[in-house]
Amino acid sequence: KFPTGLKVVGNELYFLQGITTTNPTNNSGKLSKINLSISNPSIIDVISGLNIPIVLEGNSSEMFITELIGTFTSNDFDDFNFQSTTVSKINLTGTPVKTVLFENREYIDDMKLNGSDIYWSEYFESTDENIIFKYITTNATPTVTQFHNLVNDYAIRMAISNNKLYFPTDTGNDYIKAIDLTQSPITISTISTQFFYNSVNTNPSAMVINGNEMIVSSSYFNNNVEKELLYKLDLSTLSTYEFL
């Protein structure tokens, strides 16, 4: 039911189920998993009672999730009044238990783990700002700090590889940009040419990195019909892409 947030850890595929009841409620979500090493695997529910979980990130010992807080005005799943986002942790050792880390956040688009650090992209509708925050998971007291304010950019998706955080700009004239997480002060570099196809700007979104290659999904509208594209970027050159 409304699966999101795919995450492979070892031989197991973890994913979230947003709402699992006929009538939408705020606490029917689940974290589930599938064992990829066996034939015809069954879905195993790791923990239930989640509040519309959306984003998933983690490792073999703990998972981090975002949950949407709000109210439904009817039995229509689209009639949801968003209020805030909660960031929680679910331990995977022993009996899984959810621990709320941060409450009353704005809408969090994506979240990525780099070593013991978590970075998430948070959108502030009132000011039309997109800010990347950082949370060091090993700190005894959960503390989140502002990592970088993306002026005129919107990191709706992120990917991290070799201590570089990549994101599409999502401004209508889109590029892939990168932040070197080891540098201070923070600098942002543009690593691709503009996403453009058939004389139309395209909108990159989901990304996955394999070695020196990044695969990016993108879309555009042509005569009111949406077209879907896949791009391949060569990260070893940091400047070229080709259409597949």
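The structure under discussion appears in the preceding block.
Residues numbered from 1 in each chain as written. Predicted model: local features only at pLDDT ≥ 70, side-chain atom pairs only at ≥ 80, totals over all residues. Heavy atoms only, no water.

Participant: Any chance you could explain the pairing of strand β19 (residues 203-210) here in plain terms?
Facilitator: Within a regular strand, the side chains alternate between the two sheet faces. Here β19 pairs with strand β20 (residues 213-222) via six bridges, running antiparallel. For asparagine 210, the partnering residue across the bridge sits in β20 and is glutamate 213. If you look at the hairpin formed by β19 and β20, you'll find two residues sitting between the two strands, and glycine 211 has a positive phi there, around 65°. (Pairing = 2+ DSSP bridges. Helix = DSSP H or I, 4+ residues; strand = E, 2+ residues; numbered from the N terminus.)

Participant: Can you help me understand the environment of asparagine 162 in this one?
Facilitator: You can see asparagine 162 is positioned in the loop between β13 (159-161) and β14 (164-168). Sequence separation of asparagine 162 and glycine 211 is 49 residues, and the distance between their C-alpha atoms is 9.7 Å.

Participant: What exactly am I supposed to notice about the sheet that holds strand β9 (residues 107-114) here?
Facilitator: Pairing between sheet strands relies on hydrogen bonds along the backbone, with the strands arranged either parallel or antiparallel. Ordered by their spatial adjacency, four strands build an open sheet running β9-β10-β11-β12, and the pairing between neighbours is antiparallel. For this open sheet the edge positions go to β9 and β12 (144-150), each flanked by a neighbour on one side alone. For this sheet, the mean inter-axis angle between neighbouring strands, taken without regard to orientation, is 25°. Here strand β10 (residues 117-124) runs beside strand β11 (residues 129-136); their pairing, made up of eight bridges, is antiparallel. Considered in β11, the bridge of tryptophan 120 is made with phenylalanine 133. (Axes fitted to C-alpha atoms, helices over the stretch in contact; angles between N-to-C directions.)

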